[in-house]
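# Notes for the structure review
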Amino acid sequence: ILNGLLCLIDEVYRKLFGLTEPDLTDENWRGVNQAIIERTADPDWYRWVTEDVCRLVTQIRNVPWTEGWEPQFFTCTLRMEEALELLNEGTRSKLAAETGRSLESLPQLKDALVAYTESYNERGNRGIKLAHAYTRTLASEEVPAEEASTIYDRALRGQAPTPAEVKRFQDHIIFFLGEMASEMTLVFQIHTGAQGTWGWVPNSNPVHLLPLIHRYR
């Protein structure tokens with residue numbers, strides 16, 4: 001895999017930056033580096049590469065909360081990892097500031113998530129993205145709103161949730177995001193990779209997503 005990647009990089013150096021030798025070496029890298037500096041300084045560089053060279057109509061960009069994107073080049077999918085962190089006061093404050101809404105109950109929280117997503121949809125957003133496999137298992141189940149509300153209300157009062165409660169709340173939000181995406185006809189993109197330094201690989205088994213997929217397919 002690494003050799004294949006290096007070959008692709010060398011091909012980019014040849015086509016875009018004038019490398020004439022078979023490989024990038026200690027002797028020729030400075031010339032390539034200077035070509036990169038000079039050619040990418042052209043304001044039309046990115047457009048030329050994406051449209052004229054690669055002939056791309058668009059590219060999917062996973063856009064974090066509060067960030068924008070260049071619609072000339074990208075189609076937005078709004079990242080939703082922060083939606084799973086709304087038991088944290090800082091994340092709630094961020095969502096409240098962005099939407100101008102009160103988040104004093106779970107229904108209000110959901111309304112704010114819908115409003116925030118719609119504000120991106122109005123600018124061309126076409127999906128939502130979760131990459132929670134990096135921090136927790138992909139396995140989730142439907143959790144009753146009453147249970148999620150109890151956990152959320154305790155967090156509002158400053159009571160720290162247990163790890164089990166955090167997962168139950170997150171599971172509820174994940175299914176809510178599935179429902180929201182279905183109603184808005186948005187793509188729901190879920191990254192299933194878990195690197196060994198951050199998690200237990202079996203937790204990233206995509207089969208764990210079947211309950212969510214079957215619920216909103």
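Just above, that's the structure.
Attention here is on the structure that accompanies the text. (Residues numbered from 1 in each chain as written. Predicted model: local features only at pLDDT ≥ 70, side-chain atom pairs only at ≥ 80, totals over all residues. Heavy atoms only, no water.)

### What about unusual backbone geometry?
The phi angle of most residues is negative, glycine excepted, and most peptide bonds adopt the trans form. Worth spelling out the cut-off: Strands are runs of DSSP state E lasting at least 2 residues, helices are runs of H or I lasting at least 4, and numbering of each runs from the N terminus. To sort residues, take the accessible area from a 1.4 Å probe on protein chains only and compare it with the maximum for the residue type: under 20% means buried, over 50% means exposed, and anything in between is partly exposed.
Located in the positive-phi region is R55, a residue other than glycine, with phi close to 55°. Along the polypeptide, R55 turns up in the loop between α3 (45–53) and β1 (59–63). Located in the positive-phi region is T185, a residue other than glycine, with phi close to 55°. Locating T185 in the fold gives a position in the loop between α7 (163–184) and β4 (187–190). A residue is classified by how much of its surface remains accessible, and T185, at 69% relative accessible area, is exposed.

### Observations regarding the packing of aromatic side chains
This is how the line gets drawn: Aromatic pairing here means that ring centres of Phe, Tyr or Trp (its six-membered ring) are within 6.5 Å. Orientation follows from the plane angle: under 30 degrees is stacked, over 60 is edge-to-face, and everything else is tilted. For a lysine, the NZ atom is tested; for an arginine, the CZ atom; a charge sits over a ring if that atom is within 6 Å of the ring centre and within 35 degrees of the ring normal.
Per the stated rule, a full pass over the model turns up nine aromatic pairs. On the numbers, 5.3 Å between centres and 70° between planes, the contact of Y116 with Y120 is edge-to-face. Of this pair, Y116 and Y120 both sit in helix α5 (residues 106–121), four residues apart, which is roughly one turn of that helix. Assessed through its relative accessible area of 2%, Y120 is described here as buried. Plain terms: the ring middles of Y152 and F169 are 6.0 Å apart, the flat faces sit at 10° to each other, and that makes the pair stacked. Residue Y152 is located in helix α6 (residues 145–156), and its partner F169 is located in helix α7; the two are separated by 17 residues in the primary sequence. Per residue, the accessibility class of Y152 equals that of F169, and both read buried. Put simply, the rings of W65, W69, Y116 and Y120 pair up and form one aromatic cluster. Over the face of the ring belonging to Y120 we find R123, whose NZ or CZ atom lies 4.3 Å from the ring centre.

### Some words on the packing of α5 against α6
Let me state the cut-off plainly: Angles shown run from 0 to 180 degrees and are taken between the N-to-C directions of axes, each axis being a line fitted to C-alpha atoms and, for helices, limited to the stretch in contact. An angle below 35 degrees is treated as roughly parallel, one above 145 as roughly antiparallel, one from 65 to 115 as roughly perpendicular, and anything else as oblique. Should any heavy atoms of two residues lie within 4.5 Å, those residues are counted as being in contact. Under the scheme applied, nonpolar residues are Ala, Val, Leu, Ile, Met, Phe, Trp, Tyr, Cys and Pro; charged residues are Asp, Glu, Lys and Arg; polar residues are all the others, including Gly.
Their axes nearest at 9 Å, the elements α5 and α6 cross at an angle of 95°. Regarding the angle of α5 to α6, the classification is roughly perpendicular. Contacts from L106, L109 and K110 of α5 reach α6 at A145, A148, S149 and Y152. By residue class, the composition of the contact of α5 with α6 is five nonpolar, one polar and one charged.

### Describing the pattern of salt bridges
Cut-off, in case you're wondering: Salt bridge, as used here, is a side-chain nitrogen of Lys or Arg placed within 4 Å of a carboxyl oxygen of Asp or Glu.
Inspection of every chain in the model, using the stated rule, returns 15 salt bridges. We note a salt bridge from R61 to E70, for which the minimum N-O separation is 3.6 Å. Residue E141 is joined to R168 by a salt bridge in which the shortest nitrogen-to-oxygen separation is 3.1 Å. Taken together, the positions of E141 in the loop between β3 (127–130) and α6 and R168 in helix α7 put the pair 27 residues apart, joining distant regions of the chain. Three or more residues are tied together by salt bridges with common partners; here these are D44, R47, E51 and D52.

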